[in-house]
Amino acid sequence: VQLQAYGGGLAQAGGSLRLSCTASGDIFRINDMYWYRQAPGKQRELVALIRKGRTTNYVDSVKGRFTISRDDAKNTVYLQMNSLKPEDTAVYYCKGEIQPGPNYEYEYWGQGTLVTVSS
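Quick look at the structure, then. Note that the structure is predicted; figures quoted are calculated from it, not measured.

So, how was this worked out
Residues numbered from 1 in each chain as written. Predicted model: local features only at pLDDT ≥ 70, side-chain atom pairs only at ≥ 80, totals over all residues. Heavy atoms only, no water. Buried < 20%, exposed > 50% of the residue type's maximum accessible area, 1.4 Å probe, protein only. Helix = DSSP H or I, 4+ residues; strand = E, 2+ residues; numbered from the N terminus. Pairing = 2+ DSSP bridges. Core = buried A, V, L, I, M, F, W, Y, C linked by side-chain atoms within 4.5 Å. Salt bridge = Lys/Arg side-chain N within 4 Å of Asp/Glu carboxyl O.

1. Description of the pairing of strand E1 (residues 2–6)
- Of the two faces of E1, the one lined by Leu3 and Ala5 is fully buried and the one lined by Gln2, Gln4 and Tyr6 carries no buried residue.
- As paired elements, E1 and strand E3 (residues 17–24) share 5 bridges and run antiparallel to each other. Bridging from a neighbouring strand, Ala5 pairs with Cys21 of E3.

2. Some thoughts on unusual backbone geometry
- The backbone of Asn75 shows a phi angle near 50°, a positive value even though the residue is not glycine.
- Mapped onto the elements of the fold, Asn75 is located in the loop between strand E7 (66–71) and strand E8 (76–81).
- Accessibility expressed as a relative area gives 24% for Asn75, which makes it partly exposed.
- Unlike most non-glycine residues, Ser83 shows phi in positive territory, near 50°.
- Along the chain, Ser83 falls in the loop between E8 and strand E9 (90–101).
- On the basis of relative accessible area, Ser83 is assigned to the partly exposed category, the value being 41%.

3. Notes on the nonpolar core
- If you look at the biggest cluster of nonpolar residues, it comprises 28 residues, and the most contacted ones within it are Leu3, Trp35, Phe66, Leu79, Met81 and Tyr92.
- Among the secondary structure elements, those contributing two or more residues to this core are E1, E3, strand E4 (29–38), strand E5 (45–50), E7, E8, E9 and strand E11 (113–118).

4. A look at the pattern of salt bridges
- If you walk through the whole model with that rule in mind, you get 8 salt bridges.
- Of the charged contacts in the structure, one is a salt bridge between Lys63 and Asp60, with a shortest N-O distance of 2.9 Å. One exposure class covers both Lys63 and Asp60, and it is exposed.
- The salt bridge partner of Asp88 is Arg65, with a shortest N-O separation of 2.8 Å. Residue Asp88 is found in the loop between E8 and E9, and its partner Arg65 is found in the loop between strand E6 (56–58) and E7; the two are separated by 23 residues along the sequence.
- Classification of Asp88 by relative accessible area gives buried; the value is 1%.

So this is what it looks like as structure tokens:
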């Protein structure tokens, strides 16, 4: 199983970007999926998660600006980022809790995509 994240880039403050993360390989079921970010010199932090049942949670700093969603038919999770701020600048990583088979689950990470927000 592999996760491929894409959609990062350069945006101005107040602008928008949409990140995508697609899982491929031997997939029996995709359970919860997450977006994390790591800014320079800081620890990786959880930004948003979406459960199999589509309930969501967000870190306080992005509430009302970011929206996580998923398309299970495409094995893809999205992060719509609006009203971007310079402090959103980071490498964004997706993570999936994925079952390659019916009886076990592993965590898989995408490779990261850089988001840079200019003031």
